[in-house]
Amino acid sequence: MLLGLSGGADSVALLLLLLAHGVEVVAAHANFCLRGEESARDEEFVRQLCKEKGVPLVVHRFNTRDEAKQHGESLEMAARRLRYTWFAEECLKQHIDVVCTAHHRDDNVETFLLNLIRGSGIDGLTAMASETRLHSDASTPVLARPLLNVPRKTLEDYLAAQHQGYVCDSTNSDTTFRRNSIRHKLLPVLRTLNPSIDHTLSETISRLHDAQYYYKQGIRAELAAVVHRADGISSIALKTLQTHPAPRTLLHAALATLFPPAMLPQIVGLVDSPVGRYVTHGDTMLVRTSDAIEWGNPAVPLLPESSCSIDADRVRGVLRLRPLHDGDRFRPFGLHGSKLVNDYLSDRHISLLRRHKARALCDDAGIVWLVGYEIDQRVAVTPETLHTQTLYSSSWL
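Fair warning: this is a prediction, and the values are worked out from it, not measured in the lab.

Undergrad: Whenever I open this one, the side chain of Thr64 confuses me. Can you help?
TA: Here Thr64 lies in helix 3 (residues 64-71). The residues touching Thr64, leaving out its near neighbours within four places in the chain, are Phe32, Leu34, Leu75, Ala78, Ala79 and Leu82.

Right, here's the structure in full:
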């Protein structure tokens, strides 16, 4: 296993426990260079401990402040991202399948309360899992937290019995950090109301994990029944959402991997918005159409299976595919005069997302084929046509 070893009581206790059970361990120490001499002290302690125990050690020093500033993150979020990305890289390099961290019951209770205070659904209230993947990709190493049901006090008592020292992070007492405020201010108050609050909340988390299992089973079946996927676009009918007993939950479950929870109010608001309203995040556009909420990547062409025949002799130059441009015009076959492509699509109630994904096949004279929709009158086959050419969308998209 690759063990995240900070030098604190939790990770040192886990190192000793793994070695006592004959587990082969490679220790990984992330020095985030945030606490000056104290960070250097922690690294040196870990080096000496691993040397004493005969444990292979890898160390990485991070410029965490610059990383956080560059990505617009808090120091805690930047450190977490850097640590787990590095763990994954080390596992790949050393052919290791499991990363082990020393999160314990107190950490899990604090995470539950953090998420509760911030506002969360069932996924946040289940806090941490004892086993998951390091990242969402199924090919990444397993992330194991074997101490998740063990109280911090038990680990400290174990180290005392082993006469094993450890280092303390001075920032753990800084209550300007929300987690520390929960640890040092909120939990002591809750313990006056319920002396067993840590155990009680741990049991609550466990029950929520059980409920989450059935929730996910049910939501998967629900989404399979109501989400329609075609041509690279996913959608849910408005009628389904407007009559569903939990439309917020349905939309959140369908879009959880594409939009952050903070955008859920905007997403739900689309249901009652005018046609054409949309929300974007990353490479996903979510649009309110006349009868559905649909989403997809607007930069990826629509994938309709279609074909058309044109007069090959009327093509000027080389055919090429391109996205639509503002002001594009063409002469739709069967209509008199030219028309703005955007107006042509709007008249046919083509959604904003589908318009973004539409492509035009052009020659040197302009649009030849609005792929999947209509050809230009200029290249139409007539009784005078000598050579025809059949165009297939699959050959271009």
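Undergrad: Looking at this model, I keep getting lost on the sheet that holds strand 4 (residues 98-100). Mind explaining?
TA: Picture the strands of a sheet paired through backbone hydrogen bonds; they go either parallel or antiparallel. Ordered in space as 3-2-1-4-6-5, the six strands form an open sheet in which the pairing is mixed. The open sheet has two edge strands, strand 3 (57-61) and strand 5 (131-133), and neither has a second partner. Neighbouring strand axes in the sheet, compared pairwise and without regard to direction, differ in orientation by 25° on average. Pairing of strand 5 with strand 6 (residues 142-144) involves three bridges; the strand directions are antiparallel. The residue of strand 6 that forms the bridge with Arg133 is Val142. This element, helix 1 (residues 9-20), spans strand 1 (2-4) and strand 4 of the sheet and lies at about 155° to strand 1.

Undergrad: Hey, could you run me through the pattern of salt bridges in this one?
TA: Should the charged atoms of two oppositely charged side chains come close, the side chains can pair. Under the counting rule described, the total for this entry stands at 23 salt bridges. Across the salt bridge formed by Asp169 and Arg35, the nearest N and O atoms sit 3.5 Å from each other. Of the two residues, Asp169 is situated in the loop between helix 7 (152-161) and helix 8 (178-193) and Arg35 in the loop between strand 2 (26-31) and helix 2 (37-53); the sequence distance between them amounts to 134 residues. Put simply, Glu52 and Lys53 hold a salt bridge, and the shortest N to O gap is 3.7 Å. We classify Glu52 as exposed; its relative accessible area is 57%. The class for Lys53 is partly exposed, based on a relative accessible area of 33%. Within the structure, one salt-bridge network assembled from shared partners comprises Asp106, Asp107, Glu110, Arg152, Arg179 and Arg183.

Undergrad: Mind showing me how you'd approach the sheet that holds strand 9 (residues 278-281) here?
TA: A sheet is described by the order of its strands in space; here five strands give the open sequence 7-8-11-10-9, paired in antiparallel fashion. Across the chains shown, the open sheet's two edge strands, defined by having one partner strand only, are strand 7 (227-230) and strand 9. For this sheet, the mean angle separating the axes of adjacent strands, direction not counted, is 20°. Relative to strand 11 (residues 292-296), strand 8 (residues 233-237) is paired through four bridges, and the arrangement is antiparallel. For Ser235, the partnering residue across the bridge sits in strand 11 and is Glu294. In the packing of helix 9 (residues 197-226) onto the sheet, contacts are made with strand 7 and strand 8, and the angle to strand 7 comes to roughly 50°.

About the thresholds
- Residues numbered from 1 in each chain as written.
- Predicted model: local features only at pLDDT ≥ 70, side-chain atom pairs only at ≥ 80, totals over all residues.
- Heavy atoms only, no water.
- Helix = DSSP H or I, 4+ residues; strand = E, 2+ residues; numbered from the N terminus.
- Contact = heavy atoms within 4.5 Å.
- Pairing = 2+ DSSP bridges.
- Axes fitted to C-alpha atoms, helices over the stretch in contact; angles between N-to-C directions.
- Salt bridge = Lys/Arg side-chain N within 4 Å of Asp/Glu carboxyl O.
- Buried < 20%, exposed > 50% of the residue type's maximum accessible area, 1.4 Å probe, protein only.

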